[in-house]
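# Reading the structure
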Amino acid sequence: MVIVSKKHQMNLRNHILLPIIALLSIACATDARNHQPNLGEMGKDLTLEELQEFRNRTDIENIEPFVRTDEQWREMLSSSEYRVLRNQGTELPWRNEYNKEKTEGIYYCRGCHHPLFSSEAKYESGTGWPSFWEPLSAISVKEVEDRSWFMVRTETVCARCGSHLGHVFEDGPEPTGLRYCMNSAALRLVPMKLGEDK
């Protein structure tokens, strides 16, 4: 049986435990500095103050990717949501949730709750799908060349999780001249009074 003196125990603690605690503290502090609070976190909606901050952001390279396995996506999404978001499906025109929606608020990605569009940019395009003339922010969506169906189009995907949202066309209204033609199944509207944000 080995007997360890209290002095030796203190030395062990100081030489082994304290450096580990210090490293953990540094890691937690670094994570806190790098974390962007509430900017589309799962289950959290933007406040008016955070909305204004989000609108002004351009650092798309700093968005933390939302990555899930195919099995996890299938568990998270309904079959119609999965078909659109993960298999680049398109829902039927006119017969979808947000085509005629007039409620004021923010449209989030149904896959990862990343803020995508404002109701302020929504307009009636006559196409049967919810349409917007601009994303909420420069860090909301990414555009990808789509060569499916024997044509070249510009696909719109969520900037955080890469899920398919729809396509963007150059036949929209001023001031952008763009039409972000989205699938309702890819969006989740959170009602919000936006007037005070202006």
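Residues numbered from 1 in each chain as written. Predicted model: local features only at pLDDT ≥ 70, side-chain atom pairs only at ≥ 80, totals over all residues. Heavy atoms only, no water.

## What to know about the overall build of the protein chain
Looking only at helices and strands, the protein chain features 4 helices and 9 strands. Mapped from its N terminus to its C terminus, the protein chain presents α and β elements in the order α-α-α-α-β-β-β-β-β-β-β-β-β. In the protein chain, buried positions account for 41% of the 198 residues. Within the protein chain, counting contacts between residues at least 6 apart in sequence, those at least 24 apart form 61% of the total. Accessible surface, the protein chain as shown: approximately 12000 Å² in total, 55% of it carbon and sulfur. (Helix = DSSP H or I, 4+ residues; strand = E, 2+ residues; numbered from the N terminus. Buried < 20%, exposed > 50% of the residue type's maximum accessible area, 1.4 Å probe, protein only. Contact = heavy atoms within 4.5 Å. Areas by Shrake-Rupley, 256 points an atom, 1.4 Å probe, with all protein chains shown as cover.)

## Digging into the pairing of strand 1 (residues 105-109)
The buried fraction of strand 1 is high, at 5 of 5 residues. Where strand 1 lies against strand 9 (residues 187-191), 5 bridges are found, and the strand directions are antiparallel. Within the sheet, the bridge partner assigned to Tyr-107 lies in strand 9 and is Leu-189. Pairing geometry for strand 1 and strand 2 (residues 115-118), over 3 bridges, is antiparallel. Each residue of the ladder has a partner; that of Tyr-108, found in strand 2, is Pro-115. (Pairing = 2+ DSSP bridges.)

## Section: unusual backbone geometry
At the junction of Glu-174 and Pro-175, the peptide bond is cis and its omega measures out at 10° in the coordinates. Position of Pro-175 relative to the elements: it lies in the loop between strand 7 (164-169) and strand 8 (179-182). Its identity as a non-glycine residue notwithstanding, Gln-88 has a phi of 55°, on the positive side. Structurally, Gln-88 can be placed in the loop between helix 4 (79-85) and strand 1. Backbone geometry places Trp-94, a non-glycine residue, at a positive phi of 70°. Tracing the backbone through its elements, the reader meets Trp-94 in the loop between helix 4 and strand 1.

## A word on the sheet that holds strand 9
The 3 strands are arranged 2-1-9 in an open sheet whose pairing can be described as antiparallel. For this open sheet the edge positions go to strand 2 and strand 9, each flanked by a neighbour on one side alone. Pairwise comparison of adjacent strand axes, ignoring direction, gives a mean angle of 30° for this sheet. (Axes fitted to C-alpha atoms, helices over the stretch in contact; angles between N-to-C directions.)

## Re the confidence of the model for the protein chain
Looking at the protein chain as a whole, the pLDDT averages 83, with 77% of positions reaching at least 70. Confidence over residues 12-40 falls short of pLDDT 50; this stretch has 25 contacts with residues more than four positions distant or in other chains. (pLDDT = per-residue confidence, 0-100.)

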